[in-house]
Amino acid sequence: MLDKKYRDEAIAISKHDLSSLPRTVGWESPSNIALVKYWGKKGFQEPINPSISMTLSNMHTQTRIHYARARNDQGRMWLRFNGMDNHPFGQRIQKYINSLATYFPFLKKLDLHIDTRNSFPHSAGMASSASAMSSLALAICSIEQGLREDPLTTEHFSQKASYMARLGSGSAARSIYGNYVEWGQHAYGSDEFAHPYAKKIREPLSFLHDSVLITSTEPKKMKSSSGHELMDQHPYRQARIGQALSNMEKISRSLRDGDFHSFSEVAEEEALSLHALMLASRPGYTLLRQATIEIIDELRSFRQETGAEVTFTLDAGPNVHVLYPTREKERIREWMNQKLKPLCEHGKMLHDFTGTGPERLHNGPS
Ligand code: DP6
């Protein structure tokens, strides 16, 4: 639906005179952690089931693009990722930007100097595609916005950025907004772009801490894109779609009621189901580590003994995201330092919390 609209408007914009360049655009965009997981694709980069995530704050990517009209309109691209010219992730970024030429034909006429850097180490075993691809999508949409005779409203700008971010990495579609964000069709919503969760959220769920316990920094044995592919023929595919749909409803009720207990049930069921799906794929595999399981066991015993409001989720990797409200912060941090830190690789934990979404960068080092 939007594909045609964006292609049609691309032609009109590409006719514009680019002579007033060079310029710089920059965006800082956060990572997000899914509570109901996107796992499996259909069509072109659309999800087989809806998902909901919480946007983070400290873990983000800053992308700046310096652009100028190229000589003879033969645009070239220079890329720096985390200060390195030839980083392997740079190739994925390059491929992504080339793929966007259908929607942004003017890109081919520009020399692009792209500088993208994460606030967290690439080697920390943290997925960076959501923040990286969303910051790139925002920067490219901002270049276009500057060329438009009819600039998009904030709402349509974000929607377009979410659509474009999705083409780079599905989870990146959700990083365009703050707080809780949904993506994928269910009772409402779209598979093409994400939207902010609009209903009222009760305490303590409107703001949560997310401490990421790093259990391994080794490169993953199986990329997410390959994991998604295995869902095409997965024996539990239909059951998984049904589970995600009902968990979307359940988590929505938890947010409305501020019910931490039922929120935890969904978060944990989703995390463990994601990894169960990997185990039951053909071929099966696991990204779980011994320390991952130990941390989950510790967390459940601690919760049983103390009644603390604490839960966890997992990404497509072995690190554990420990989620808790501010009123629990003191005792949870103390317990984590004592019991969980020793289970982490080099005692590494990254503390984050609910974030408000991307921000445009107006100046600063380039
Ligand atoms: C387990 O967004 O990394 O984190 O679209 O192939 O880039 P691609 O996959 P990606 O998959 C994320 C999967 C997940 C769950 C989620 O974020 O919803």
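For every chain, the first residue of its written sequence is number 1, and the numbers climb from 1 along that sequence. Local features in a predicted model are, by the rule used here, given only for residues with pLDDT of at least 70; side-chain atom pairs are given and counted only at 80 or more, and totals for whole chains, interfaces and linings are based on all residues. Only hydrogens and water are set aside when side-chain values are computed; all heavy atoms of the structure are taken into account.

Chemist: What is the right way to read the packing of aromatic side chains from this model?
Modeler: The description of two aromatic rings rests on the distance between their centres and on the angle between their planes. Each Phe, Tyr or Trp ring, with Trp reduced to its six-membered ring, pairs with another whose centre is within 6.5 Å; inter-plane angles below 30 degrees give stacked pairs, above 60 give edge-to-face pairs, and intermediate values give tilted ones. The tally for this structure, following the rule as stated, stands at nine aromatic pairs. Aromatic side chains Tyr38 and Trp183 sit 4.7 Å apart centroid to centroid with 70° between the ring planes, which places their arrangement in the edge-to-face category. You can see Tyr38 sitting in the loop between strand S1 (23-36) and strand S2 (41-42) and its partner Trp183 sitting in strand S7 (residues 180-183), a full 145 residues away along the chain. Every member of this aromatic cluster is reached through a ring pair, and the members are Tyr6, Tyr103 and Tyr163. Directly above the aromatic system of Tyr163 lies the positively charged group of Arg166, at a separation of 4.8 Å from the ring centroid. For the purposes of this entry, the term helix denotes a DSSP run of H or I that reaches at least four residues, the term strand denotes a run of E that reaches at least two, and both are numbered from the N terminus. A ring has a charge above it when a Lys NZ or an Arg CZ is no more than 6 Å from the ring centre and no more than 35 degrees off the ring normal.

Chemist: Teacher, can you tell me more about the site of the ligand here?
Modeler: In the vicinity of the ligand there are 18 residues, among which Tyr38, Lys41, Ser169, Gly170 and Ser171 approach most closely. Counted as a polar contact is a pair of N or O atoms within 3.5 Å, where, for protein atoms, one must be capable of donating a hydrogen and the other of accepting one, and residues adjacent in sequence contribute only when both atoms are in side chains. In the model, an oxygen atom of the ligand is placed 2.8 Å from a nitrogen or oxygen of the Lys41 side chain. In isolation the ligand offers 460 Å² of accessible surface; the protein chains occlude 93% of this area. Considering each element in turn, the shell around the ligand owes the most residues, three residues, to helix H5 (residues 224-230). Here the shell around the ligand is composed, by residue class, of five nonpolar, eight polar and five charged. An automatic or database domain assignment supplies the residue ranges for each domain. Formed jointly, the shell around the ligand draws a minimum of three residues from each of two domains, domain 1 (2-198) and domain 2 (208-353). Nearness here has a simple test: a residue counts as near a molecule or strand if at least one of its heavy atoms is within 4 Å of that partner. Computed with the Shrake-Rupley method and a 1.4 Å probe, the accessible areas treat only the protein chains shown as cover for residues. All amino acids are sorted into three groups, where Ala, Val, Leu, Ile, Met, Phe, Trp, Tyr, Cys and Pro are nonpolar, Asp, Glu, Lys and Arg are charged, and the leftover types, Gly among them, are polar.

Chemist: When you look at the sheet that holds strand S11 (residues 320-325) in this model, what are you seeing that I'm missing?
Modeler: What holds strands together in a sheet is hydrogen bonding between their backbones, with the strands either parallel or antiparallel. Should DSSP find at least two bridges between two strands, the strands are taken to pair. Across the sheet, which stays open at both edges, the four strands sit in the order S10-S11-S9-S12 with antiparallel pairing between neighbours. Each edge of the open sheet carries a strand with a single partner, namely strand S10 (311-314) and strand S12 (349-353). Strand-to-strand twist of the sheet, defined as the mean angle between neighbouring strand axes without regard to direction, takes the value 25°. Taken together, the six bridges between strand S9 (residues 208-213) and S11 define a ladder with antiparallel strand orientation. Looking at S11, one finds that His209 is bridged to Tyr324. In this analysis, two residues are considered to be in contact whenever any of their non-hydrogen atoms come within 4.5 Å of each other. Axis definition: a line fitted to C-alpha atoms, limited for helices to the stretch in contact. Angles are taken between N-to-C directions and run from 0 to 180 degrees. Contacts between helix H7 (residues 260-279) and the sheet are confined to S9, S10 and S11, with S10 contributing the most and set at about 30° to the helix. Where helix H8 (residues 290-306) meets the sheet, its contacts fall on S9, S10 and S11, and the angle it forms with S10 comes to roughly 160°.

Chemist: What is the right way to read the packing of H8 against helix H9 (residues 329-340) from this model?
Modeler: When two helices pack together, you describe them by how their axes are tilted relative to each other and by the distance separating the axes. One can describe the packing of H8 onto H9 by two numbers: an axis separation of 12 Å at closest approach and a directional angle of 135°. Classified by the angle their axes make, H8 and H9 are oblique. The way H8 lies across H9 gives a crossing that is right-handed. Between H8 and H9, the contacting residues are Ile295, Glu298, Leu299, Phe302 and Thr306 on the first element and Arg331, Ile332, Trp335, Lys339 and Leu340 on the second. In these notes the angle categories are as follows: under 35 degrees is roughly parallel, over 145 is roughly antiparallel, 65 to 115 is roughly perpendicular, and the rest is oblique. Helix crossings get a hand from a simple test, with the near helix turned counterclockwise from the far one by less than a right angle marking a left-handed crossing and a clockwise turn marking a right-handed one.

Chemist: Would you explain the domain arrangement of the protein in this entry?
Modeler: How big an interface is tends to be reported as the loss of accessible area on association of its parts. In terms of domain boundaries, the protein breaks down into domain 1 (2-198) and domain 2 (208-353). Centre-to-centre separation of domain 1 and domain 2, based on C-alpha positions: 27 Å. Note on definitions: buried area is the accessible-area loss of two parts on being combined, 1.4 Å probe, summed for both. In total, domain 1 and domain 2 occlude about 3,100 Å² of area from one another, counting both sides; carbon and sulfur atoms represent 69% of this. Summed over the three residues of domain 1 that lose the most area to domain 2, namely Leu35, Lys37 and Trp39, the buried surface amounts to 26% of that side. Basic side-chain nitrogens of Lys or Arg form a salt bridge, by our definition, when they fall within 4 Å of a carboxyl oxygen of Asp or Glu. The tally of links from domain 1 across to domain 2 stands at zero salt bridges.

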